[in-house]
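What follows is the residue order along each chain.
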Amino acid sequence: MASVAILTCGCGCGKPVRSKYVRGHHRRLSVQERLEKHVEPEPMSGCWLWTSRVDRDGYGRMTARSSSESLAHRWAFLVYRGPIEPDLTVDHLCRNRRCVNPSHMELVSIRENILRGNGRGAVAARQTECSMGHALNGQRRDANGKRRCRICQKAYDAARYVRLWAMEVGER
């Protein structure tokens, strides 16, 4: 008579099973194992590309039990580099939103992260000249909050004065 091998549960509890696990038992993956399961290294840039779910903004998403944290790059930073202070955010130095390589990340303030980006506010903050080529010295702002150089502001004010004066003369 042939001997039948008795299988034990794959979770490590030692109970006999017919398949891989006792019903309700399974080996839970650690956060690090789950991260590594969904990462594909990109040899040219060194990025670790997230291959699982990606949100509409292009960031990798993952969830872990009893946590509200869901961005994959933040989980990678937590696992490999340590805690994230509440007033700081994780900045991708490689500018690749799918990258979860912790060596491509840095903790910075939210303001610094925005200014490092390519959004409208960041581009305007880096601007050193007006559209006419004059230097944008100081923080002169018009009524709409846009920065203006002194030369263009004076020209605008002079033209406005002439326009208003012409309206006044025309009313007489």
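**Here's the deal with the overall build of the chain**
Tallying secondary structure elements over the chain gives five helices and six strands in all. Of the regular secondary structure in the chain, the N- to C-terminal order runs β-β-α-β-β-α-β-β-α-α-α. Of all 172 residues assigned to the chain, the portion counted as buried reaches 23%. In the chain, the proportion of contacts linking residues at least 24 apart, taken out of those at least 6 apart, comes to 27%.

**Concerning the environment of Trp-75**
As for its position among the elements, Trp-75 is in helix α2 (residues 72-80). The exposure class assigned to Trp-75 is buried, which follows from its relative accessible area of 11%. Along the primary structure Trp-75 and Thr-63 are separated by twelve residues, whereas in three dimensions their C-alpha atoms are 9.1 Å apart.

**Regarding the pairing of strand β5 (residues 88-92)**
Of all five residues in β5, four are buried, a share of seventy percent or more. Looking at chain direction, β5 and strand β6 (residues 105-109) are connected through five bridges and run antiparallel. Bridging across to β6, Leu-88 finds its partner in Ser-109.

**Points about the layout of surface pockets**
Looking at the largest pocket, its volume works out to about 330 Å³. Along its surface, the largest pocket is lined by 16 residues, and Tyr-59, Asp-91, Arg-95, Arg-97 and Asn-113 are the ones closest to its centre. Going through the elements one at a time, α2, β5 and α3 (110-116) are the ones with two or more residues in the lining of the largest pocket. Of the residues forming the lining of the largest pocket, the biggest block, four residues, is contributed by β5.

**Some words on unusual backbone geometry**
Not every positive phi belongs to a glycine, and Arg-95 is a case in point at roughly 65°. For Arg-95, a relative accessible area of 41% puts it in the partly exposed group.

**Looking at the packing of aromatic side chains**
Here a ring pair, both rings aromatic, is described through the centre-centre distance and the interplanar angle of the planes. Considering all chains together, one arrives at one aromatic pair under this definition. Ring geometry for Trp-48 and Tyr-80: centres 5.8 Å apart, planes at 80°, overall edge-to-face. Residue Trp-48 is found in strand β4 (residues 48-50), and its partner Tyr-80 is found in helix α2; the two are separated by 32 residues along the sequence. Looking at Tyr-80, the relative accessible area reads 31%, which means it is partly exposed.

**Observations concerning the nonpolar core**
With twelve residues, the main nonpolar core is built from Leu-35, Trp-50, Met-62, Ala-64, Ala-72, Trp-75, Ala-76, Phe-77, Ile-84, Val-90, Val-100 and Met-105. A per-element tally of this core places α2 first, with four residues. In this view, Met-105 contacts His-73, Ala-76, Phe-77, Arg-81, Val-90, Asp-91, Leu-93, Cys-99 and Val-100; residues no more than four positions away in its chain are not counted.

**Here's the deal with α2**
Restricting attention to buried positions, one finds in α2 the residues Ala-72, His-73, Arg-74, Trp-75, Ala-76 and Phe-77. Each element contacted by the buried residues of α2 is listed here: α1 (31-37), β4, β5 and β6. Two residues or fewer past α2, Gly-82 is found with a positive phi of approximately 120°.

**Some remarks on the pattern of salt bridges**
For the coordinates displayed, the defined rule picks out five salt bridges. Note that Arg-95 and Asp-91 form a salt bridge whose closest N and O atoms lie 3.0 Å from each other. The buried category is assigned to Asp-91, whose relative accessible area is 2%. Across the pair Arg-116 and Glu-112 runs a salt bridge, and its minimum N-O distance is 3.1 Å. Here Arg-116 and its partner Glu-112 are both found in helix α3, four residues apart, which amounts to about one turn of the helix. Looking at Arg-116, the relative accessible area reads 29%, which means it is partly exposed.

Basis of the calculations
- Residues numbered from 1 in each chain as written.
- Predicted model: local features only at pLDDT ≥ 70, side-chain atom pairs only at ≥ 80, totals over all residues.
- Heavy atoms only, no water.
- Helix = DSSP H or I, 4+ residues; strand = E, 2+ residues; numbered from the N terminus.
- Buried < 20%, exposed > 50% of the residue type's maximum accessible area, 1.4 Å probe, protein only.
- Contact = heavy atoms within 4.5 Å.
- Pairing = 2+ DSSP bridges.
- 1 Å grid on protein atoms, 1.4 Å probe; cavity = no way out; pocket = protein on both sides within 12 Å on 5 of 7 lines; lining within 4 Å.
- Points joined across faces, edges and corners; volume = space filled by probe spheres on them.
- Phe/Tyr/Trp six-rings, centres within 6.5 Å; stacked < 30°, edge-to-face > 60°.
- Core = buried A, V, L, I, M, F, W, Y, C linked by side-chain atoms within 4.5 Å.
- Salt bridge = Lys/Arg side-chain N within 4 Å of Asp/Glu carboxyl O.

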